[in-house]
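Structural overview
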2 protein chains.
Amino acid sequence: MRHVLEWCARIGLIAGLAAAPAAAQQAGSRQLPARTIPVPQTASPEMQAIIARPLNPIWNVVPKTAAEWKALVAANAAETIATLPAMISALHVKVEPATIAAVKTYVVTPEVMAPANRNRVLLYFHGGGFVLRPGEAGLAEAIELAGFGHFKVISVDYRMAPDFPFPAAMDDAMAVYRETLKTTKARNIGIFGTSAGGSITLAMVLRARTEGLPLPGAIAPGTPWSDMTKTGDSYFTNDGIDNVLVSEDGFWGAAALLYANGHDLKDPQLSPVYGDLHGFPPTILTSGTRDLFLSNTVRVHRKLRQAGVEAQLQVFEGLSHAQYYRDINAPETIDYNNEIARFFDQHLGR
Amino acid sequence: MRHVLEWCARIGLIAGLAAAPAAAQQAGSRQLPARTIPVPQTASPEMQAIIARPLNPIWNVVPKTAAEWKALVAANAAETIATLPAMISALHVKVEPATIAAVKTYVVTPEVMAPANRNRVLLYFHGGGFVLRPGEAGLAEAIELAGFGHFKVISVDYRMAPDFPFPAAMDDAMAVYRETLKTTKARNIGIFGTSAGGSITLAMVLRARTEGLPLPGAIAPGTPWSDMTKTGDSYFTNDGIDNVLVSEDGFWGAAALLYANGHDLKDPQLSPVYGDLHGFPPTILTSGTRDLFLSNTVRVHRKLRQAGVEAQLQVFEGLSHAQYYRDINAPETIDYNNEIARFFDQHLGR
């Protein structure tokens, strides 16, 4: 608020403002003037259109009751679901609901399965702050990797807040993983997901190790919500630049508390960057230069590398949070899916 | 700007608000209010001290004459050279001047050469905008990789602007490379460099291919100045956040023009991101979340990957341009050197 006040004062909108006492500023903090950031011409035209969109209108909406949360979730889901039929048709996949270990899932199967992938399965966990994208609304990225990569993908419709806070999502994820292990070798299983789903992906490996389960063959956490405590440089540098998340101070911070339900946000099952990452399977991480979670991504990458894990990082030019999978006609989305498919192909057993 | 205005209006700071003329702003550009960015606690204490430094005082100094450029270069060099004896001692290396193919160089040799590195040589190209760090002032990173990685490193003291503009630096680089090829197999040669040196590294591979020379075994361009035209998202998003380069609008933009000396800045020998990167050797790229050249780095990474090249990316949390090698006692600097050494060890011939 102080920044805005100063800004209003400087442009003459308000008459005056007392100077900030020197001690009020943390030593070494960077003071930035108001500025305008253009749409980067270095992204594809398709992505430039997405980058140019106004800020996500829900970023600073904080529902006050469970009913308000659910109304917002439902409105958001309806928008997403409307885009699916065209994707399913363009990418030549089949989507079938299935219950696995009492957990709702969707099995996404490509019309043409790559021969090398016949004995492989990918488990997918959608994003949405552990509250958005129930049911079919969580399917988009699963459809993409099934279609572009010719993999069988099980998209897990894990339970979410407000009705089912932590650790319900993790319990569902592990139940599906345990069930999948009955028919598929661990090293033939890949796990991927974006944002909240990237956090689940990382937390599953931690929990599998704790529970003595074999680890998956490879994982692809996309811009994982690896630290829920608003700790990390890009929470500040990309605040207001990322047009998807926009800021942690609003909807997402509230969603974190709703999901955590009183648990310590630094618990590695909620913020896996605080976990011990030694022994992780090969991992590929994805972010964008404008991503509020750029630091959430690169911190996990560095920590994995320091633990001796084979870990790859890719950062897409100009993209905000999770935009890399937002348009199946954009070169970036095709590139992203091809990279993830190639990584799983290189590292999963057959 | 519009959001802030609306916000001011909403909280009652201003009485009303006229609509901004639509044509005044590029469609989709992001309007940011003034703000304060704290020092990230997620960097090491050593790097937090570096991140907390004030903006590089030369960032907006634009010398008007050759004499003014040289005075600034000399003052800057003296500062850097003063830090070398302690580094040389701590890292147990020997530094000897040598003339190779009529080019001034320094040969940096570790006290203990790794047995696997006996038949390997690394060529190093310092940064400094093609104008800063002549002579010993360009040695720091060469000393580090020789010391941490136990490699023999030839640090090339290439000619620079204003006396020797483009393509003098490239001519020197290629002369040393050709001479090195007489005694060392190409696949046993690694090339690395930061900033301007990262650009030289990339441009050397392009020129070696054009000239029919065998390509080096692996390269490590650190935060390369791959696009001199101020094209790329982080030129804008990290403007004023990066405390090393700060902005392209000042010293660095002037240095680019001084070095290019009338040549097209989009010539791939000046801006290698515009080159054809097919057939490049394995490449590891490094940047930081605050780096003005984050986009210069990730654009090259994506382009290499799209060309099917084995290319790795690492982005250090909270660091501005080239800070990853700034303190041999910081975990990030040790981590950086270990990663580059490991990459060369994996990919160079023996």
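As the structure is a computational prediction, the values presented were derived from the model and not from experiment. (Residues numbered from 1 in each chain as written. Chains lettered and ligands numbered in written order. Predicted model: local features only at pLDDT ≥ 70, side-chain atom pairs only at ≥ 80, totals over all residues.)

**Describing the overall build of chain A**
On a plain count of helices and strands, chain A comes out with 11 helices and 10 strands. Once the C-alpha set of chain A is aligned to its principal axes, its extents read approximately 70 × 45 × 40 Å. Looking at chain A residue by residue over its 350 residues, the buried ones come to 52%. For chain A, the proportion of contacts with a sequence separation of at least 24, taken over those separated by at least 6, is 79%. (Helix = DSSP H or I, 4+ residues; strand = E, 2+ residues; numbered from the N terminus. Buried ≥ 20, exposed ≤ 12 C-beta atoms within 10 Å, placed from the backbone. Contact = placed C-beta atoms within 7 Å.)

**Re the nonpolar core**
Formed by 191 residues in total, the largest nonpolar core has its most connected members in Leu123(A), Val131(A), Ala173(A), Leu123(B), Val131(B) and Ala173(B). Among residues more than four places away in sequence, those in contact with Ala173(B) are Phe125(B), Val156(B), Tyr158(B), Ile200(B) and Met204(B). (Core = buried A, V, L, I, M, F, W, Y, C linked by C-beta atoms within 7 Å.)

**Topic: the sheet that holds strand β7 (residues 189-194) of chain A**
Residue and element names in this part refer to chain A. Pairing within the open sheet is mixed, and its eight strands lie in the order β3-β4-β6-β5-β7-β8-β9-β10. Both outer strands of the open sheet, β3 (93-100) and β10 (311-316), are each paired with one neighbouring strand and no more. Direction aside, neighbouring strands of the sheet carry axes that sit 20 degrees apart on average. Of the strand pairs in this sheet, strand β5 (residues 121-125) and β7 are connected by five bridges, and their pairing is parallel. Directly across from Leu 123, in β7, lies its bridge partner Ile 191. (Pairing = 2+ DSSP bridges. Axes fitted to C-alpha atoms, helices over the stretch in contact; angles between N-to-C directions.)

**Focus on the sheet that holds strand β5 (residues 121-125) of chain B**
Picture the strands of a sheet paired through backbone hydrogen bonds; they go either parallel or antiparallel. All names here are of chain B. Strands sit in the order β3-β4-β6-β5-β7-β8-β9-β10 across an open sheet of eight strands; the sheet is mixed. The outermost strands of the open sheet, each flanked by one partner alone, are β3 (93-100) and β10 (311-316). Averaged over all pairs of adjacent strands, the angle between their axes in this sheet comes to 20 degrees, without regard to strand direction. As paired elements, β5 and strand β6 (residues 153-156) share three bridges and run parallel to each other. Across the sheet, Leu 122 pairs through a bridge with Val 153, a residue of β6. Taken strand by strand, helix α5 (residues 140-149) contacts β3, β4 (103-110), β5, β6 and β7 (189-194), and its axis lies near 30 degrees from that of β4.

**Some details on the relation of the copies chain B and chain A**
In screw terms, the move from chain B to chain A is a rotation of 180 degrees and a rise of 0.0 Å along the axis, fitting with an RMSD of 0.0 Å. In short, the pair behaves as if placed about a two-fold rotation axis. Of every C-alpha in chain B, the one belonging to Ala34(B) sits nearest the axis of rotation, 2.0 Å from it. By residue overlap, the copies meet face to face through one surface: 98% of the interface positions of chain B are interface positions in chain A. (Least-squares fit on C-alpha atoms with pLDDT ≥ 70 in both.)

**Quick notes on the pairing of strand β8 (residues 218-222) of chain B**
All names here are of chain B. Where burial is concerned, most of β8 is hidden: five out of the five residues are buried. Along β8, one buried face is formed by Ala 218, Ala 220 and Gly 222 and the opposite face, lined by Ile 219 and Pro 221, is buried too. Sheet topology note: the β7/β8 ladder contains five bridges and is parallel. By the bridge assignment, Phe 192 is partnered in β8 with Ala 220. Crossover β7 to β8 through helix α7 (residues 196-210) is right-handed. (Right-handed = clockwise from strand over helix to strand, strands pointing away.)

**Overview of the interface of chain B and chain A**
Facing 51 residues of chain B, the contacting portion of chain A comprises 53 residues. Broken down by secondary-structure element, the contributors of at least two residues to the side of chain B that touches chain A are α1 (2-10), β1 (30-32), β2 (35-37), α8 (234-237), α10 (294-306), β10 and α11 (331-347) of chain B. For the side of chain B that touches chain A, the element with the highest residue contribution is α10(B), accounting for seven residues. For the side of chain B that touches chain A, the per-class residue count stands at 22 nonpolar, 19 polar and 10 charged. By the bridge criterion, three bridges tie strand β1 (residues 30-32) of chain A to β2(B) in an arrangement that is antiparallel. Residue pairing for β2(B): Gln31(A) is matched across the bridge by Thr36(B). (Nonpolar A, V, L, I, M, F, W, Y, C, P; charged D, E, K, R; others polar.)

**A word on the domain arrangement of chain A**
Along its sequence, chain A is carved into domain 1 (1-35) and domain 2 (42-347). Distance between the C-alpha centres of domain 1 of chain A and domain 2 of chain A: 37 Å. (Domains from an automatic or database assignment.)

**Remarks on the confidence of the model for chain A**
This prediction gives chain A a mean pLDDT of 93; 93% of its residues lie at or above 70. A low-confidence stretch, residues 1-24 of chain A (pLDDT under 50), is modelled with 27 contacts involving residues beyond four sequence positions or located in other chains. (pLDDT = per-residue confidence, 0-100.)

**Brief notes about the pairing of β5(A)**
Residue and element names in this part refer to chain A. The element β5 is extensively covered by neighbouring structure, given that five of its five residues are classed as buried. Covered by surrounding structure in β5 are Val 121, Leu 123 and Phe 125 together with Leu 122 and Tyr 124, the residues of both alternating faces. Taken together, β5, helix α5 (residues 140-149) and strand β6 (residues 153-156) constitute a β-α-β crossover, and its handedness is right-handed.

**Quick word on unusual backbone geometry**
Across the junction of Phe166(A) and Pro167(A), the peptide omega takes the value 5 degrees, indicating a cis bond. For Pro167(A), the location among the structural elements is in the loop between β6 and α6 (168-181). The phi dihedral of His92(A) is positive, around 55 degrees, even though this residue is not glycine. Although it is not a glycine, Arg133(B) adopts a positive phi angle of roughly 70 degrees. Here Arg133(B) shows up in the loop between β5 and α5.

**Considering α6(A)**
All names here are of chain A. An ideal rise of 1.5 Å per residue puts 20 Å on 14 residues; α6 measures up with 20 Å between its terminal C-alpha atoms. Taken together, the buried positions of α6 are Ala 169, Asp 172, Ala 173, Met 174, Val 176, Tyr 177 and Thr 180. Residues of α6 that are buried make contact with β3, β4 (103-110), β5, β6, β7 and α7 (196-210). (Expected span 1.5 Å × (residues − 1).)

**Side note on the packing of helix α6 (residues 168-181) of chain B against α7(B)**
In a packed pair of helices, the relevant descriptors are the angle between the two axes and the axis-to-axis distance. Residues and elements named next belong to chain B. Where α6 contacts α7, the axes come no closer than 10 Å and their chain directions differ by 65 degrees. Relative to α7, the element α6 is oriented roughly perpendicular. The two elements α6 and α7 cross, and the hand of that crossing is right-handed. Along the contact surface, α6 presents Ala 169, Met 170, Ala 173, Met 174 and Tyr 177, while α7 presents Ile 200, Ala 203, Met 204, Arg 207 and Ala 208. Class assignment of the residues belonging to the contact of α6 with α7 gives a composition of nine nonpolar, no polar and one charged. (Parallel < 35°, antiparallel > 145°, perpendicular 65-115°, else oblique. Left-handed = near helix turned anticlockwise from the far one by under 90°.)

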